[in-house]
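# Breakdown of the fold
If you want the building blocks of each chain, they are given just below.
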There are 2 protein chains.
Amino acid sequence: MKRRDVLAGFACVGAGAVLFSRQVHSEQSACASTGALGIIVERATGSLLIVDTIARTRIARVEGLGDLSHASAVFSRDARYVFVFGRDGGLSKVDLLSRTLAGRVVQAGNAIGGAISDDGRLVAVSNYEPGGVNVFDADTLAPLVEIAADVGGGKRSKTVGLVDAPGRRFVYTLYDAGEIWIADFAGWSGGPPAVTRFPGVGKQPYDGSITGDGRHYIAGLFGEDGLVQLDLWSDPIAPRRILDGYGRGEAPLPVYKMPHLEGWAEVAGAILLPAVGRHELLAIDAQTFGERGRVATHGQPIFAVAQPGSPNVWVNFAHPLNDTVQIVDVRTLKVVHTFKPGPAVLHLEFTPRGNEVWISVRDADRIDIHETRHFEKIGSLPAQKPSGIFFTSRAHRIGQ
Amino acid sequence: MKRRDVLAGFACVGAGAVLFSRQVHSEQSACASTGALGIIVERATGSLLIVDTIARTRIARVEGLGDLSHASAVFSRDARYVFVFGRDGGLSKVDLLSRTLAGRVVQAGNAIGGAISDDGRLVAVSNYEPGGVNVFDADTLAPLVEIAADVGGGKRSKTVGLVDAPGRRFVYTLYDAGEIWIADFAGWSGGPPAVTRFPGVGKQPYDGSITGDGRHYIAGLFGEDGLVQLDLWSDPIAPRRILDGYGRGEAPLPVYKMPHLEGWAEVAGAILLPAVGRHELLAIDAQTFGERGRVATHGQPIFAVAQPGSPNVWVNFAHPLNDTVQIVDVRTLKVVHTFKPGPAVLHLEFTPRGNEVWISVRDADRIDIHETRHFEKIGSLPAQKPSGIFFTSRAHRIGQ
C-alpha cells in the first residue's frame, strides 16, 4: 500500500517517479497522456505492472487486485482507467495516471471476463457463480442492473464470451443453456434492459468474439463440433451454424486449456481460429464463413493474434507445448516462423500499428519484446508470473 | 499568447481550467489522459480548438499556427502531441496536455499534408513548393532528410497522398511525374533512405490512401479516368490500374474541389470512393478491386467516411452543394438518410467506436454532434470557421 500512496503523490505533477531501483520514469511521461501505456497481469501476486511501450519500461506496480488467474481487462474511453476482471469475481478499476487502485468491488463468486459499452458508461461482467451478467457504472462502480440469465426453474446459467457491440449493446453466451443473448442499453434508464434471446444455438457455447467492424459475433461450442455466427447488422438476426463437424471422424485430443476466441484474427479476408482439442488452426472466409483451409500447428492453439499491417498471425499453445510461438501467413496458410520464447508463453500483444509485440513468458518471470519485421528480440522486462498483456489502444476498439 | 501561458501553468496539476466564459474544464479532465481529446482546425484564424469528446466541450484554443487552409494532422504514439500540416509549409507541434504550441517550423513554401512513422519517431511532410518530401524528428522537429522527388533536369515534383506504411515506410505520389514512391526508413541511420520508384502509373496522381490493414495503397488520377492500386504485401510490388475509364462517354462536370481520398472507407468488403467531378460514389471490391456498383449522390463527394461498427458511410459534398450530408448503406449501395447541417460542411469525424460523429459547418461557425443510431443532433459547439476534425484515437491507426 505504501508504494501506491507515494506514487499517487506525484504521479501527475511531473516529478520523476522512482519505481524500481533500476528504473526512473521521466518527467514527461510522469505527466504524459496514457496513449502508449499498457498493463501486464501478474496472476500469482494479484498485481499489475503499468508499462510504457515507447520507453519499453515498467513504470509502476499496483497491488491488491485479488485472484488474477484468467484475468482480462478493458479500458475507459479516455484511456485513463483500466477495468480488471478477476477470477474471484473482483472488478478492479486502476488509474493509470495516479497509478493507484481507484476502486474495487467483489461482484460475484467467480467471474470470467467483461466488457465496456461503446459510450464508455457501462461496465458489464460475465459470471460463472452465481451466473448471469452484472452491469456497473464505469465512473463509480455502483451496481446498476443484474441480468440473471435465468434459464428456467430459477437456475442461472454461467455466461461467457461477453463483448461490447455498437449501439450500447452487450452480447454473450449462456454456457449451460446453449443460448446467445443480446442486452440492449440504448435509451436504457434503469431496470432490466431489453434482451434478445437466441435459444438452441448449440451445446456449451464456451466463448465468443466480435469482429473488428462490429458486424459478426462468433461463438465456439465445446459440447459439439462447430461454431455459431450472428450477423448483428441483419434484421432480424438469425444464428447460423458454421464449420459443423470440422473434426468429424477424428478423435479429439484431451483439452488442456480452452482456446481464447477473443484472439480470433481477421486478415486478408479470412478469420483464423483455434480448433478445440486439436493441433490445428481453422481458416474461415470472412464474407461467407465457409472453410478456407487449415493450418497444422505445433500444439493446441490458445491465441491467434493478427499482427497489424501484415499478413501474419502469431499463435501460442496450450500446456505442455506452451514454450513456442508460431507465425502463420494467412494468404498461404503456411507457418513462416517458429521460435521458443521460453516456458509458458501465455499471451501476446502488439503495439497499435504492429511494429512490435510483447510476449509474456510466465515461468521465466519475463516479458519479451520483439520487432515484427525480422522477428528479432529487442528487449526484455522482469515480471512476476506474467499472463495477460493489454495496451491502452484497446480503448478505441470495438470488442476490446 | 497570454492565454496559452496561463493554461500551461495548470494544465496538468488538476485545477479547473477556465477557458471560455461559458465553459469550465473539470479537475479530472485537466489532468486526464488525452484518449478522449481531439482538435478542430480553425482555418481562418490559424488556431486549433482542443475538445473533449466525452464531455463534448471545448477545453482550449491554441493560436499561432499560420495558414491552416487545407490543414491536416497526425498524432504522436502516446497521443499527447498533434502535428499540424499547414498550407503555408508550416509544421506545428501542439501539446494537448499543456495546451501550448510545443514547436513550429516553416519547412517549405507550400505543403499539402504529412504522416508519422509507425514507430512514432519520424514525421514526413508532403510539399508542393519546392516539391519533394521533408522528414523531421518527431521529438525535436529537427530536419533529418529531404527527399527531393527529382524527376530529371533538376525539376522537383509536387508530392501528394503521403501516408505511413508498416515497417517504417512512407508512400506518396509524384503529381507532376505520374509516379508512386515508397521511402523505407527501416534501419535508416541518416542520409537518403532507400526509395522504390514506380514510374508511369498514370497522369497526375492527385491523392492516395492506404487501407486500414496497411496492405493496399490506392492513388486517384486527375489527368486520366481511373485509379492505381499497390499491394504492399506482395514481393515484388506491381502497380495495377483499376476502374479504368469509369466515366467513359460522359462529360465530367467542372471540379470545384478535389475529393479527399483519405476519406476512403472499407465496409462490408467494399471500398467506397468519390468519383472526381461527378455526383457519384464508386464501390470497389476490397479483395478483387473490381467495380461493385455506384451510388448517385446529392453532389460531388468530398469525404466518404465509414461509421465504425455499422454498414453506413457518411458523405459530404463540394461547393455549391456543400450544405448536405448523405448516409449510404454499403450492403445495398442505397442512400438511407439525407440531412442539411448548414452552410459549408467541410469534414466529419466519428468517435472511435462510432457512437457519435462531429461535423464541421464552416460558414455557421459551428460544430454539430450527432448520435449515429437515429442520426439525431445531440449537441453543438461554437468554432471559428472550422474545417478538419481529428481525434486522438487516430494515433493508433495505420494511415492515420
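The structure presented is a predicted model; accordingly, all values stated were derived computationally and were not measured.

Broken down by element type, chain A carries two helices and 34 strands. When the 400 residues of chain A are sorted by exposure, 64% land in the buried category. Within chain A, residue pairs in contact and separated by at least 24 positions form 42% of the contacts whose partners lie at least 6 positions apart. When the accessible surface of chain A is split by element, carbon and sulfur atoms take 51% of a total near 13600 Å².

On to the environment of R240(A). Residues and elements named next belong to chain A. By the secondary structure assignment, R240 is in strand β21 (residues 240-242). Its relative accessible area of 39% is what places R240 among the partly exposed residues. Considered as a pair, R240 and V201 are 39 residues apart in the sequence and their alpha carbons are 8.0 Å apart. Among all residues touching R240, those that are not within four sequence positions of it are L227, V228, Q229, T288 and F289. Engagement of the side chain of R240 in a polar contact is seen with the backbone oxygen of T288, the distance being 2.7 Å.

This part takes up the pairing of strand β18 (residues 205-210) of chain A. All names here are of chain A. With six of six residues buried, β18 lies mostly within the body of the structure. Inspection of the sheet shows β18 paired to strand β19 (residues 216-221) by five bridges, in the antiparallel sense. Among the inter-strand pairings, P205 is bridged to a residue of β19, identified as L221. If you look at the hairpin formed by β18 and β19, you'll find five residues sitting between the two strands, and G214 has a positive phi there, around 75 degrees.

Right, let's get into the interface of chain A and chain B. Listed by partner, the interface residues are 52 residues for chain A and 52 residues for chain B. The largest share of the area that chain A buries against chain B comes from R77(A), W233(A) and R353(A), three residues that together contribute 22% of it. Taken together, chain A and chain B are joined by four salt bridges. There are 23 residue pairs in polar contact (both at pLDDT 80 or more) connecting chain A and chain B. A breakdown of the residues in the side of chain A that touches chain B according to their chemical character gives 19 nonpolar, 18 polar and 15 charged.

Residue and element names in this part refer to chain A. Reading across from one edge, β14-β15-β16-β17 is the order of the four strands in this open sheet, with antiparallel pairing throughout. For this open sheet the edge positions go to β14 (159-165) and β17 (194-198), each flanked by a neighbour on one side alone. Within the sheet, the average angular offset between the axes of one strand and its neighbour, ignoring direction, is 20 degrees. Summarising the sheet, strand β15 (residues 169-174) and strand β16 (residues 179-184) pair through six bridges and their orientation is antiparallel. Across the sheet, T173 pairs through a bridge with I180, a residue of β16.

A word on the sheet that holds strand β9 (residues 100-106) of chain B. Residue and element names in this part refer to chain B. One open sheet accounts for four strands, arranged β6-β7-β8-β9; its pairing is antiparallel. The strands lining the two open edges of the sheet, one partner per strand, are β6 (72-75) and β9. Between one strand and the next, the sheet's axes are offset by a mean angle of 20 degrees, whatever the strand orientation. Relative to strand β7 (residues 81-85), β6 is paired through four bridges, and the arrangement is antiparallel.

All right, on to the environment of L141(A) then. Residues and elements named next belong to chain A. Checked against the element boundaries, L141 lands in the loop between β12 (133-137) and β13 (143-147). Placed 58 residues apart in sequence, L141 and F83 show a C-alpha to C-alpha distance of 9.9 Å. Apart from residues lying up to four places away in sequence, L141 is in contact with F83, L91, K93, G103, R104, V105 and F136.

Moving on: the environment of L232(A). Residues and elements named next belong to chain A. One can find L232 in the loop between β20 (227-231) and β21. Classification of L232 by relative accessible area gives buried; the value is 5%. Sequence separation of L232 and H216 is 16 residues, and the distance between their C-alpha atoms is 5.8 Å. Not counting residues within four places of it along the chain, the set of residues in contact with L232 comprises A165, R169, V171, I182, I210, G214, R215, Y217 and I237.

All names here are of chain B. With respect to the helices and strands, the residue R394 is situated in the segment after β34 (386-391). Residue classification places R394 among the buried residues on the basis of a relative accessible area of 12%. If we ignore the near neighbours within four places in the chain, the residues touching R394 are F75, H347, E349, I389 and Q400.

The transform that puts chain A on chain B rotates by 180 degrees and translates by 0.0 Å along the axis, for an RMSD of 0.0 Å. Such a turn and shift between the copies fits a two-fold axis. Relative to the rotation axis, the C-alpha of S33(A) is the closest in chain A, positioned 2.1 Å from it. Take the interface residues of chain A: 100% of them recur as interface residues in chain B, which is what a same-surface contact looks like.

This brings us to unusual backbone geometry. Omega for the bond connecting D235(A) with P236(A) falls within 30 degrees of zero, at 0 degrees, which places this linkage in the cis form. Note on placement: P236(A) falls in the loop between β20 and β21. Notably, R56(A) is not glycine yet its phi reads approximately 55 degrees, a positive angle. Examined against the element boundaries, R56(A) turns out to sit in the loop between β4 (47-52) and β5 (57-62). In this structure R56(A) comes out as partly exposed when scored by relative accessible area, which is 31%. Despite not being glycine, A344(B) shows a phi value in the positive range, around 70 degrees. Mapped onto the elements of the fold, A344(B) is located in the loop between β29 (334-339) and β30 (345-350).

This part takes up the pattern of salt bridges. Enumeration according to the criterion identifies 46 salt bridges over all chains in this entry. The partner of D88(B) in a salt bridge is R104(B), with the nearest N and O atoms 3.3 Å apart. A residue pair is termed long-range when its members are at least 10 positions apart, and D88(B) in the loop between β7 and β8 (90-95) and R104(B) in strand β9 qualify at 16 residues. For D88(B), a relative accessible area of 21% puts it in the partly exposed group. On the basis of relative accessible area, R104(B) is assigned to the partly exposed category, the value being 30%. Two residues, D329(B) and R331(B), come together in a salt bridge whose shortest N-O distance is 2.8 Å. Among the residues examined, D329(B) registers a relative accessible area of 7% and is labelled buried. Through salt bridges with shared partners, one network takes in R278(A), E280(A), E291(A) and R294(A).

Residues and elements named next belong to chain A. Most of strand β28 (residues 325-329) is tucked away, with five of its five residues classed as buried. Of the two faces of β28, the one lined by V325, I327 and D329 and the one lined by Q326 and V328 are each fully buried. In this structure, strand β27 (residues 312-317) lies alongside β28, joined through five bridges in antiparallel fashion. Within β28, the residue paired with W314 across the bridge is I327. Pairing of β28 with strand β29 (residues 334-339) involves five bridges; the strand directions are antiparallel. In the sheet register, Q326 faces β29, and the bridge partner there is T338.

Thresholds, definitions, all that
One numbering rule holds for all chains: residues counted from 1, following each sequence as written. Chains carry letters and ligands carry numbers; both start at the beginning, A for chains and 1 for ligands, and go up in the order they are written. Where totals are concerned, whole chains, interfaces and linings use all residues; where local detail is concerned, this predicted model gives features only for residues with pLDDT of at least 70, and gives and counts side-chain atom pairs only at 80 or more. Where side-chain values are given, they derive from all heavy atoms of the structure, hydrogens and water being excluded. Numbering of helices and strands starts at the N terminus; helices are DSSP runs of H or I of at least 4 residues and strands are runs of E of at least 2. Type-normalised accessible area, obtained with a 1.4 Å probe on protein chains alone, sets the label of each residue: buried when under 20%, exposed when over 50%, and partly exposed for intermediate values. Every residue pair with non-hydrogen atoms within 4.5 Å of one another is taken to be in contact. Each accessible area is a Shrake-Rupley estimate made with a 1.4 Å probe; only the visible protein chains count as cover when residues are assessed. Polar contacts, as used here, are pairs of N or O atoms within 3.5 Å; protein pairs need one atom able to donate a hydrogen and one able to accept it. Residues neighboring in sequence count only if both atoms are side-chain atoms. Two strands are counted as paired when DSSP detects at least two bridges linking them. Here the quantity called buried area is the accessible surface, traced with a 1.4 Å probe, that two parts lose on coming together, added over both. By convention in these notes, a salt bridge is any Lys or Arg side-chain nitrogen within 4 Å of a carboxyl oxygen on Asp or Glu. Under the convention adopted here, Pro, Cys and the residues Ala, Val, Leu, Ile, Met, Phe, Trp and Tyr are nonpolar, Asp, Glu, Lys and Arg are charged, and Gly plus all remaining residues are polar. Think of each axis as a best-fit line through the C-alpha atoms, taken over the contacting stretch in the case of a helix, with angles from 0 to 180 degrees between the N-to-C directions. Least-squares fitting of one copy onto the other uses the C-alpha atoms of those residues that reach a pLDDT of at least 70 in both copies.

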